Amino acid sequence: MTSLTIRFAEPADASLIADISRKTFYDTFAAVNTPHNIHLFMSEQFSREALINEVLTNDGIFLLAYLGEELAGYVRMREGEKHPTFMNQPSIEIARIYVDNTFIGKNAGGRLMQECIRIATEMNRIILWLGVWEHNDRAIAFYTKWGFEKFGEHEFILGTDIQTDWLMKMELKEHK
C-alpha cells in the first residue's frame, strides 16, 4: 500500500497549488452553481495568478499531501480576522483544505486535518476555525466529525451569487 506523506510547500510549488485549487474547487462546486458564476469566480477571485501569488507572497502556511508521487490535496492556514466570539483567544484559520476527488476516502483529508491541529497547537492557538458553504454537506460532516461546531455565518460571493458560509470552530485545549 502506498503511504501518504505531508510536507510544507515551497515557492516552487505555487503553480501546483494553484492548479489543484482550481481543479478541486471546480470539481466540487461547478455542478451546483451556474456556469456563469463559476466562470466569474474562477477568472476573477480564484484566478491561477492570484493563487500563485498567495504562495509566492508567503500568505499563509501551505501543506501538500501526497499519496505516493501523486498530489492528493493541500491545506492553506492563515492568521486572519479575529471574531468577537473568540474573546481575544489566539486563533488560526484553515482557509482551504482541498482533496482531489480521486483521493476522497483515502484519509488525505484526515491526515491534513491532523497536521492543522498539530501546527495550531504548536503555535499556541486556542481556536482553529474555518468557513464552509452551508450546502456542502460532505465537508460539514467531515468537520463535525473532527469536533468543529458552528459559531456563525458570513457571506461568500461566488460570481454574482451571494451564498452563506457557516463559520465553524474547534477549541484546541482538548487536543494538547
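Coordinates for the structure precede this section.
Residues numbered from 1 in each chain as written. Predicted model: local features only at pLDDT ≥ 70, side-chain atom pairs only at ≥ 80, totals over all residues. Heavy atoms only, no water.

What to know about the pairing of strand β5 (residues 127-133)
Line of reasoning, step 1. The buried count for β5 comes to 6 of 7 residues, which makes it a mostly enclosed element.
Line of reasoning, step 2. Note that strand β4 (residues 91-99) and β5 share 3 bridges and pair parallel. Counted as the bridge partner of Ser91 is Ile127 from β5.
Line of reasoning, step 3. Here β5 pairs with strand β7 (residues 161-171) via 7 bridges, running antiparallel. Bridge pairing in β7 links Leu130 to Met168. (Buried < 20%, exposed > 50% of the residue type's maximum accessible area, 1.4 Å probe, protein only. Helix = DSSP H or I, 4+ residues; strand = E, 2+ residues; numbered from the N terminus. Pairing = 2+ DSSP bridges.)

Examining the packing of aromatic side chains
Line of reasoning, step 1. In total, this model carries 14 aromatic pairs according to the counting rule given.
Line of reasoning, step 2. An aromatic cluster of three or more residues is present, and its members are Phe25, Phe29, Phe41, Phe46, Trp133 and Phe156.
Line of reasoning, step 3. Sitting over the face of the ring of Phe151, Lys169 holds its NZ or CZ atom 5.9 Å from the ring centroid. (Phe/Tyr/Trp six-rings, centres within 6.5 Å; stacked < 30°, edge-to-face > 60°. Lys NZ or Arg CZ within 6 Å of the ring centre and 35° of its normal.)

Here we look at the side chain of Asp100
Line of reasoning, step 1. Within the element layout of this structure, Asp100 appears in the loop between β4 and α4 (108-122).
Line of reasoning, step 2. Not counting residues up to four positions away in its chain, the partners in contact with Asp100 are Ile20, Lys23, Thr24 and Ala72. (Contact = heavy atoms within 4.5 Å.)

Some points on the packing of helix α1 (residues 14-29) against helix α2 (residues 35-45)
Line of reasoning, step 1. Two numbers describe how α1 lies on α2: the axes approach to 12 Å, and their chain directions differ by 165 degrees. Classified by the angle their axes make, α1 and α2 are roughly antiparallel. Seen along the crossing, α1 lies across α2 with a hand that is right-handed. Contacts between α1 and α2 involve Arg22, Phe25, Tyr26 and Phe29 from the former and Ile38, Phe41 and Met42 from the latter.
Line of reasoning, step 2. Class assignment for the residues of the contact of α1 with α2 results in 6 nonpolar, no polar and 1 charged. (Axes fitted to C-alpha atoms, helices over the stretch in contact; angles between N-to-C directions. Parallel < 35°, antiparallel > 145°, perpendicular 65-115°, else oblique. Left-handed = near helix turned anticlockwise from the far one by under 90°. Nonpolar A, V, L, I, M, F, W, Y, C, P; charged D, E, K, R; others polar.)

Focus on the layout of surface pockets
Line of reasoning, step 1. Here the largest pocket defines a volume of roughly 1000 Å³.
Line of reasoning, step 2. Looking at the lining of the largest pocket, the element that brings in the most residues is β4, giving 7 residues.
Line of reasoning, step 3. Broken down by class, the residue content of the lining of the largest pocket amounts to 23 nonpolar, 12 polar and 10 charged. (1 Å grid on protein atoms, 1.4 Å probe; cavity = no way out; pocket = protein on both sides within 12 Å on 5 of 7 lines; lining within 4 Å. Points joined across faces, edges and corners; volume = space filled by probe spheres on them.)

A few points about the packing of α1 against helix α3 (residues 48-56)
Line of reasoning, step 1. Between α1 and α3, the least distance of the axes is 8 Å, while the angle of their chain directions is 135 degrees. One way to sum up the angle between α1 and α3 is to call them oblique. In this structure, the crossing between α1 and α3 has a hand that is right-handed. On the side of α1, the interface is formed by Ala14, Ser15, Ile17, Ala18, Asp19, Ser21 and Arg22, while α3 contributes Arg48, Leu51, Ile52, Val55 and Leu56.
Line of reasoning, step 2. The residue makeup of the contact of α1 with α3, split by class, is 7 nonpolar, 2 polar and 3 charged.

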